[in-house]
Amino acid sequence: MADLALIEQLDQAITAMLAGAAQPETADAGLAALMDIAGKLRDLPDDRFMERLGAELGAESERRVPMSRSTTAGPAVIHAVTPFITVADGEKLIEFLKHTFRAEEMARHPHGHGGGFVAALKIGDSDLLIMGDESVRGQERPAALHVYVKDCDAVYQRALEAGATVVGPADQGFEPADRPWGERAAFMTDSFGNHWNIATRFGPNYVPEDGRHVRPGLLPRNAPVLIDFLERAFGAEEVGPRHEVGGRVEHAFVRIGEVLLEMADAVEEGLRPFGFYLYTDDVDAVYHRAVAAGAVSIAPPADQPFGDRIAVIQDTFGNQWIAAKNLGG
Amino acid sequence: MSEQHDDRLQVEAAQRDPSRFADLYRQNFYRVYTYVVCRVGDRHQAEDLTADVFREALAGIQKFEWRGVPFAAWLLGIAARVLADHWKRSGREAGIPAPESAATMPAEIEQSAMLFQLVDRLPEAQCRVIRMRFVEQKSIREIAQEMGRSEGAVKQLQLRAMETLRAQMEGAHG
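Residues numbered from 1 in each chain as written. Chains lettered and ligands numbered in written order. Predicted model: local features only at pLDDT ≥ 70, side-chain atom pairs only at ≥ 80, totals over all residues.

## Concerning the overall build of chain A
Looking only at helices and strands, chain A has seven helices and 18 strands in total. Here the analysis covers contacts within chain A between residues at least 6 apart in sequence; of these, 60% occur between residues at least 24 apart. (Helix = DSSP H or I, 4+ residues; strand = E, 2+ residues; numbered from the N terminus. Contact = placed C-beta atoms within 7 Å.)

## Quick notes on the interface of chain A and chain B
Listed as interface residues are 35 residues of chain A and, on the opposing side, 39 residues of chain B. Elements with a contribution of two residues or more to the side of chain A that touches chain B: α1 (2–18), α2 (29–41) and α3 (47–64) of chain A. No other element matches α3(A), which puts eleven residues into the side of chain A that touches chain B.

## Observations concerning unusual backbone geometry
Residues other than glycine predominantly adopt negative phi, and peptide bonds predominantly adopt the trans conformation. Backbone geometry places A:Arg102, a non-glycine residue, at a positive phi of 55°. In this structure, A:Arg102 sits in the loop between α4 (90–101) and β3 (104–111). A positive phi angle, close to 50°, is found at B:Gln137, a residue other than glycine. Relative to the helices and strands, B:Gln137 resides in the loop between α6 (124–135) and α7 (140–147).

## Some words on the nonpolar core
A general feature of soluble globular proteins is that nonpolar side chains tend to end up buried together. If you look at the biggest cluster of nonpolar residues, it comprises 74 residues, and the most contacted ones within it are A:Val147, A:Ile198 and A:Leu278. A total of seven residues in this core trace back to one element, the largest contributor, which is helix α6 (residues 223–234) of chain A. Residues contacting A:Leu278, with those up to four places away along its chain left out, are A:Ile78, A:Val81, A:Phe234, A:Val286, A:Trp321, A:Ile322, A:Ala323 and A:Ala324. Of all hydrophobic cores here, the second largest spans 57 residues; its members include B:Phe134, B:Leu157, B:Ala161 and B:Met162. (Core = buried A, V, L, I, M, F, W, Y, C linked by C-beta atoms within 7 Å. Buried ≥ 20, exposed ≤ 12 C-beta atoms within 10 Å, placed from the backbone.)

## Here's the deal with the pairing of strand β9 (residues 183–189) of chain A
Residue and element names in this part refer to chain A. Of all seven residues in β9, five are buried; the element is thus mostly enclosed. Pairing of strand β7 (residues 165–166) with β9, which is carried by two bridges, proceeds in the antiparallel orientation. Note that in β9 the partner of Val166 across the bridge is Met188. Across three bridges, strand β8 (residues 177–179) lies against β9 in antiparallel orientation. From the neighbouring strand, Ala177 faces β9, where its bridge partner is Ala185. Count of turn residues in the β8/β9 antiparallel hairpin: three residues, of which Gly182 carries a positive phi of about 95°. Direction of pairing for β9 relative to strand β10 (residues 195–201): antiparallel, over a ladder of seven bridges. Pairing of Phe187 across the sheet is with Asn197, part of β10. Turn length for the β9-β10 hairpin, with the two strands adjacent in sequence and antiparallel, is five residues, and the turn residue Gly193 shows positive phi of about 90°. (Pairing = 2+ DSSP bridges.)

## Quick notes on the confidence of the model for chain A
Taken over all residues, the pLDDT of chain A has a mean of 86, while the share at 70 or more is 93%. Note that pLDDT drops below 50 for residues 67–75 of chain A; the model gives that stretch 24 contacts with residues more than four away or on any other chain. (pLDDT = per-residue confidence, 0-100.)

## Let's talk about the environment of B:Gln10
Residues and elements named next belong to chain B. Position of Gln10 relative to the elements: it lies in helix α1 (residues 2–16). Separated by 14 residues in the primary sequence, Gln10 and Leu24 have C-alpha atoms spaced 6.9 Å apart. If we ignore the near neighbours within four places in the chain, the residues touching Gln10 are Asp23 and Leu24.

Take a look at the structure:
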């Protein structure tokens, strides 16, 4: 019951403090110590501001990266690789992302004539593009994303509430658990076919060293072939050793520009093609180099009414890569 | 010693490749913000000025010379200058805070910065209560409505969060 009294006393003291009232002296040393903490918390910064400023500085620092430090595709620099998810019911997917990951919608533009749209979202500091259009039903392109969150278990619960399920049978190790690679992680799929690796790093930062909240993944049928293509087409670099079991790639990392992508050979029979936006200085150079490396041209470079110049190419495994440059910038 | 070594490596990495500035930002955000907010008292002004400090630091990272002084002290030097300019602009000359000596790191800034980091590591529900209560200054009733919990449960989360923070702060200094 003493606890109950403390709960009330503390709340009253905090309410008074936040209202600007002078702090009454308290003989209770425990309460005084808590109010000392409360006094400091009055200056707690807004985490949304911290993320926003971090993203702004990140964009500014990208502009300052010397050319020799960037990965180049011929003369073209690739600045960012953004997952581009295509689904029939984009609205529902966005609801799922907002509920589960507290994603924020940053912008939305109409697409086509059937009420479709392309929306830009942020999960933490990382960008996602969602195209929602009924006309793509049957040809959806989901994503496999490794999302770093502060509390894996809480996000897992929210994903369950929003209709996601673990990727395999229950109690087979896909639920949140401490993993030997330094993370607590759960593996889920949502009702749109996206794979989610929801993870919290151990240690002081819940995000990995590159600081990104979302790391895109690829699930090709033959990872070494795709890695070779990405190196030749986009100047990608493989990072760290590949982890193979019985001739199957379980884990590999490639860097395109400043973005780290992870890859594993797909377990399923069918292809799991994804889509990515590649922001670059020179759409034409990226396109020509990718085609020379064996990509199929889906759409040659052209200026679009929404203000970007884009070109679309497809790799052997059906992944589509959209090279894009904003014509205004 | 090793902290200083890491600090130095990170600064040098950011000087070679500005995209590595993100690490320095994350490690020093709370310090700079606390330094600024304690002096201006207003959250919105503190955000604007903190942004100015980091923009200036990113623009000038090449000018930072390693002389054994922590990078954070260099940032706080920029913060002192940004604040002095701010007071001048707003005509409050009398309030110019004396810039700290670059070598000293005021203990209260370090303590607050550590506390803010600990908030990030609270279980999610407790962290949300603390943020809504102190950042958004919401009442217990508003928080309860937003979280779909009873007011009693929110007060309990508030107490638990504060006790955890107190214990961790005492552990860090004890």
